[in-house]
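The lines below spell out each chain.
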Amino acid sequence: YASRGLGDVYKRQTLAEVLITLGIICVVAAMTLPTLINKNNNKVVETKLSKFYSVINQTIQRSEADNGDKKIWHQFENNVPVDNEGNPIPGQSLVEKWVNRYLAPYFKITHIKYDSKGLPIFYLADGLIFKPDQTNTMNDWVFYTMTPEKCISRAGSENKAYGKCAFRFMYKPVDTTPEMVYHYNRGFEPYKYQWNGKTNSLKTGIGGRFGCKSNCNTQYCNWYCTALIQTNGWKIPKDYPHKVFY
């Protein structure tokens, strides 16, 4: 009987030790898991951004070989025709026709969807997703790390999505004004309109606009976030103000 009692004590001690160990493991996991998730999210978003930048600009270079200097076939104006009830007519925008003529022959578009304004959302075979942002011009573009619907839903709004799962680009190679010095004669570049070349300005913004920061409350919030990542070697800086996702 004494040996049985002693065995029960050992079993209880062993069980207690196991429970304590499991508790410690759970605490450690709870502390480290968010960091691991953030690191993975950062890595995936960094890879997607740099890949899109490479793919879209290689596509423009290939198009130039067949169609001449991009400044010749650049198109500023966009237009989204509407029906008699004022609804956008899918597939008829000038920007979609431009993409189909000058870009589509050089990369594979698997399908096209349309946002509420009738603007085309292009889905590429390698999982990249991008779209124009304006119904009247073709300067501003947005790259998404996930479907726009999920991105905007998770972020809370389209404006809140910038710098998290939606990233701004600009394509205007013909503009020689000082504000466009980082876009003239270039392909799709991270949005740098009015940028003064200083890294800190990408965080604070210019004239209260565009800055990549957590406390921005204007419609132009976080338009510089793409450039901030690019100038850091397509790596999300340690002090980046947002959690990215895909």
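Small disclaimer: the values here were computed from a predicted structure and weren't measured. (Residues numbered from 1 in each chain as written. Predicted model: local features only at pLDDT ≥ 70, side-chain atom pairs only at ≥ 80, totals over all residues. Heavy atoms only, no water.)

## Observations concerning the sheet that holds strand E3 (residues 129–132)
Which entries qualify depends on this criterion: Between any two strands, at least two bridges found by DSSP are needed for them to pair. What counts as a helix is a DSSP run of H or I of at least four residues, what counts as a strand is a run of E of at least two, and both are numbered from the N terminus. Note on definitions: a residue-residue contact is assigned when non-hydrogen atoms from the two residues lie within 4.5 Å. Where helices are involved, their axes are fitted lines through C-alpha atoms of the stretch in contact, as for all axes, and angles between N-to-C directions lie from 0 to 180°.
Taken together, the six strands give an open sheet; going across it, the order is E1-E2-E3-E4-E5-E6, and neighbouring strands pair in antiparallel fashion. The open sheet is flanked by strand E1 (109–114) and strand E6 (189–190), the only strands paired with a single partner. With five bridges connecting them, strand E4 (residues 140–144) and strand E5 (residues 166–170) associate as antiparallel partners. Across the sheet, residue Asp 140 finds its bridge partner in E5, namely Met 170. Against the sheet, helix H3 (residues 94–102) touches E1, strand E2 (120–124), E3 and E4, its axis set at about 25° to E2. Each of E2, E3, E4 and E5 touches helix H4 (residues 148–155); the most contacted strand, E2, lies at about 110° to it.

## Points about the side chain of Ser 63
Selection criterion: Categorising residues by exposure relies on relative accessible area from a 1.4 Å probe, with only protein chains included: less than 20% of the type maximum marks a residue as buried, more than 50% marks it as exposed, and the intermediate range marks it as partly exposed.
Looking at the secondary structure, you find Ser 63 in helix H1 (residues 2–67). In this structure Ser 63 comes out as buried when scored by relative accessible area, which is 0%. Residues contacting Ser 63, with those up to four places away along its chain left out, are Gly 68, Trp 73, Tyr 102 and Tyr 106.

## What to know about the environment of Asp 140
With respect to the secondary-structure elements, Asp 140 resides in strand E4. Expressed as a C-alpha distance, the spacing of Asp 140 and Asn 78, which sit 62 residues apart in the sequence, is 11 Å. With residues up to four places along the chain from it excluded, the contact list for Asp 140 reads Pro 132, Asp 133, Gln 134, Arg 168, Phe 169, Met 170 and Tyr 191.

## Description of the pairing of E2
The buried count for E2 comes to five of five residues, which makes it a mostly enclosed element. Neither face of E2 is exposed, since Pro 120, Phe 122 and Leu 124 on one face and Ile 121 and Tyr 123 on the opposite face are all buried. The pairing of E1 with E2 spans five bridges and is antiparallel. Of the residues in E2, the one forming a bridge with Ile 109 is Leu 124. Taken together, E1 and the strand that follows it, E2, pair antiparallel across an intervening segment of five residues, in which Gly 118 is found at a positive phi of about 85°.

## Brief notes about unusual backbone geometry
The phi dihedral of Phe 210 falls on the positive side, at around 80°, and the residue is not glycine. With respect to the element layout, Phe 210 can be found in the loop between helix H6 (199–204) and helix H7 (225–230). What makes Phe 210 buried here is its relative accessible area of 1%. Phi at Trp 234 takes a positive value of approximately 60°, unusual for a residue other than glycine. Structurally, Trp 234 is set in the segment after H7. Taking relative accessible area as the criterion, Trp 234 reaches 15% and is therefore assigned buried.

## Section: the state of the cysteines
Here is the rule we go by: The disulfide criterion is simple: two cysteine sulfur atoms within 2.5 Å.
Going through the model one piece at a time under the given rule, you end up with three disulfides. Between Cys 151 and Cys 165 runs a disulfide, and the two sulfur atoms are separated by 2.0 Å. Here the S-S torsion is close to 85°, and the disulfide linking Cys 151 with Cys 165 is therefore right-handed. Placement of Cys 151 in helix H4 and of Cys 165 in the loop between helix H5 (158–161) and E5 is noted, with a sequence separation of 14 residues between them. The pair formed by Cys 151 and Cys 165 is uniform in burial state, with each residue classed as buried. The disulfide partner of Cys 212 is Cys 225, and the S-S distance across this bridge is 2.1 Å. Disulfide Cys 212 to Cys 225: torsion about the S-S bond roughly 95°, handedness right-handed. Residue Cys 212 is located in the loop between H6 and H7, and its partner Cys 225 is located in helix H7; the two are separated by 13 residues in the primary sequence. Across this residue pair, the class does not change: Cys 212 and Cys 225 are buried. Assigning the bonded cysteines of the chain consecutive numbers by sequence position, one obtains the connectivity 1-2, 3-6, 4-5.

## Overview of a nonpolar patch on the surface
Formally: Patch members must show over 30% relative accessible area and no salt bridge, and they are joined within 9 Å when carrying like charges or within 5 Å when they are nonpolar side chains of Val, Leu, Ile, Met, Phe, Trp or Tyr. For the area figures, the Shrake-Rupley method with a 1.4 Å probe applies, and any residue is considered shielded solely by the protein chains shown. Counted as salt bridges are all cases of a side-chain nitrogen of Lys or Arg within 4 Å of a carboxyl oxygen of Asp or Glu.
On the surface, a nonpolar cluster with roughly 470 Å² of combined accessible area is contributed by Leu 15, Val 18, Leu 19, Leu 22 and Ile 25. For Leu 22, the location among the structural elements is in helix H1.

It is worth stressing that arrangement in space is one thing and function is another; only the former is reported here.
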